[in-house]
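So the chains spell out like this:
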Amino acid sequence: MDTTTAGWTAPPGLEGVVVAETRIGSVRGEEGFYHYGPHPAPALAERCTTEEVWHLLHRGHLPDSDELDRFAATTGRLRALPDDVASALGPIAAIGGSQSLAGPRTALSLLAAAEGFGPWLDLSSDVIHHQAVRLVAVLPTLTASLWRLGQGEDPIAPTPDRPLAEDYLRMVTGSEPLPQHVRALERYLVLTIDHGFNASTFTARTVTSTGADLGSAVVAAMGALSGPLHGGAPSLALDMLQQIGRPDRAAAWVDEALAGGRRIMGFGHRVYRTEDPRSALLKQTAIELGGPIVDLAIEVEGTILEALQRHRPGRELRTNVEYYAGVVLHLVGLPEELFTPTFAISRNIGWTAHAIEQMEANRLIRPRARYVGPPPD
Ligand code: COA
């Protein structure tokens, strides 16, 4: 037996283990509730802009109107790309970086290097806060530019005096976004800014704990987010709806999928044993936007919930964030390939806030593993 690691063993997946203290927010899975600081997150999504909640996470409180004006002006200016990074986006898009998170991840890594981001241990708090805001502000521009280049279109420059959600939609689609689309996207973005100690947030804090630069922490978090069990498959629920096509086909489709051992996308959650509160507001948002896909989603949801209840009685498999997120992002005009990159744009606010919190009371994250291989010679 390896006596050097005979101590306490955490369960697989660190399920249920508390590994840090945070003031940023938390998830109460049994209650179906999550919050950012003292504010229930869905309530913020109903009434706040992305910039307001971004200010909450990065500055510790919701801004008054002067603070918001200053914050929006600063973050709007920081949306612009440096010329050398802008000129490198064409090759990144051409090599396959326009269809997934890989492109924005590569481009953000390049930007952090181009702007000389170094180990945070050597930096002042002002510089770190500036870098955090820069990384968040520039990601929509990188994402939209890569997408358009991949479509054979010219990138559209950001407009500093527009809010992030509106400017992102405009830079992707090339047209003036409808106010109801901006509002719906804004709700999605605010709802997905932070969500407890999920895998990408933990990744950002682990990389930060080594003293590495903030760009590395965000790039690593993007890698974690890209996995299909986290944020990497948000279009699968929408694909499923499109495959089902009509409500009367749903029961047979779901029964066949479950009988074949497949998981139904957009249902189930590691922490929630109730409906995911993000799903409830996204469903309401989808209903406000309206359309045949929304009617289909609502009817099919009922059929799937009944089938899952029969399939796993007592397991409480409910609708998660991804079911209606796909519908909403589709209705506001975003292509499926940008669903995960759009998730990264909002979650980047959470990652950078967590990275800064990690810096404030840092201890290198360095757990141990129990050796179970053959004894060494
Ligand atoms: N469809 C069918 N069965 C499901 C299911 C789903 N969406 N989600 C969970 N289950 C079943 C599992 O097969 C498992 O059954 P078993 O005990 O007989 O093996 C049981 O419910 C528990 O699942 P488990 O994998 O322990 O749950 P988890 O907490 O680790 O997984 C998810 C959470 C999100 C990974 C899982 O629910 C899932 O794969 N959902 C579909 C993908 C998805 O929507 N991802 C977005 C997450 S926001």
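In the block above lies the structure referred to throughout.
Here is a short report on the structure shown in this document. Quantities reported herein were computed from a predicted structural model and do not represent experimental measurements.

**Here we look at the site of the ligand**
So, step 1. With respect to spatial proximity, 16 residues lie near the ligand, and among them I264, G266, F267, R312 and N320 are the closest.
So, step 2. Between the ligand and F267 there is a distance of 2.8 Å, counted from a nitrogen atom to a backbone nitrogen or oxygen.
So, step 3. Here an oxygen atom of the ligand sits 2.9 Å away from a polar atom, N or O, in the side chain of N320.
So, step 4. Burial of the ligand by the protein chains amounts to 75% of its free accessible area of 860 Å².

**What about helix α4 (residues 83-97)?**
So, step 1. Along α4, the helix axis deviates most sharply at P91, where the bend reaches about 30°.
So, step 2. Along α4, the residues classified as buried are V85, L89, I92, A93 and G97.
So, step 3. Of the surrounding secondary structure, the elements contacted by the buried residues of α4 are α5 (102-114) and α6 (125-150).

**What to know about a nonpolar patch on the surface**
So, step 1. A contiguous nonpolar patch, built from L14, V19 and F197 and spanning about 220 Å² of accessible area, is present on the exposed surface.
So, step 2. Position of F197 among the secondary structure elements: in the loop between α8 (179-191) and α9 (199-209).
So, step 3. Residue classification places F197 among the partly exposed positions, given a relative accessible area of 32%.

**Some remarks on the pattern of salt bridges**
So, step 1. The full count for this structure, using the stated rule, is 17 salt bridges.
So, step 2. Put simply, E15 and R270 hold a salt bridge, and the shortest N to O gap is 3.8 Å. In this pair, E15 is assigned in the segment before β1 (25-28) and R270 in the loop between α12 (250-259) and α13 (277-289), connecting sequence segments 255 residues apart.
So, step 3. Linking R162 and E166 is a salt bridge whose minimum nitrogen-to-oxygen distance equals 2.8 Å.
So, step 4. Exposure remark for R162: the relative accessible area of 18% places this residue in the buried category.
So, step 5. Taken together, the shared-partner salt bridges in this structure form one network comprising E51, R79, D167 and R170.

**Section: the packing of aromatic side chains**
So, step 1. Evaluation of the coordinates by the stated rule reveals five aromatic pairs.
So, step 2. A centroid spacing of 5.2 Å and a plane angle of 80° characterise the contact between W54 and F71, whose relative ring orientation is edge-to-face. One end of the pair, W54, is in helix α2 (residues 50-59); the other, F71, is in helix α3 (residues 65-77), with 17 residues separating them in the sequence. The residues W54 and F71 share a single accessibility class, namely buried.
So, step 3. Relative to Y324, the ring of Y323 lies with its centre 4.9 Å away and its plane at 90°, an arrangement referred to as edge-to-face.

The rules behind each value
- Residues numbered from 1 in each chain as written.
- Predicted model: local features only at pLDDT ≥ 70, side-chain atom pairs only at ≥ 80, totals over all residues.
- Heavy atoms only, no water.
- Near = heavy atom within 4 Å.
- Polar contact = N/O pair within 3.5 Å; in protein donor to acceptor, adjacent residues only side chain to side chain.
- Areas by Shrake-Rupley, 256 points an atom, 1.4 Å probe, with all protein chains shown as cover.
- Bend = angle between axes of the 7 residues up to and from the residue.
- Helix = DSSP H or I, 4+ residues; strand = E, 2+ residues; numbered from the N terminus.
- Buried < 20%, exposed > 50% of the residue type's maximum accessible area, 1.4 Å probe, protein only.
- Contact = heavy atoms within 4.5 Å.
- Patch = residues over 30% accessible without salt bridge, like charges linked within 9 Å, V, L, I, M, F, W, Y side chains within 5 Å.
- Salt bridge = Lys/Arg side-chain N within 4 Å of Asp/Glu carboxyl O.
- Phe/Tyr/Trp six-rings, centres within 6.5 Å; stacked < 30°, edge-to-face > 60°.

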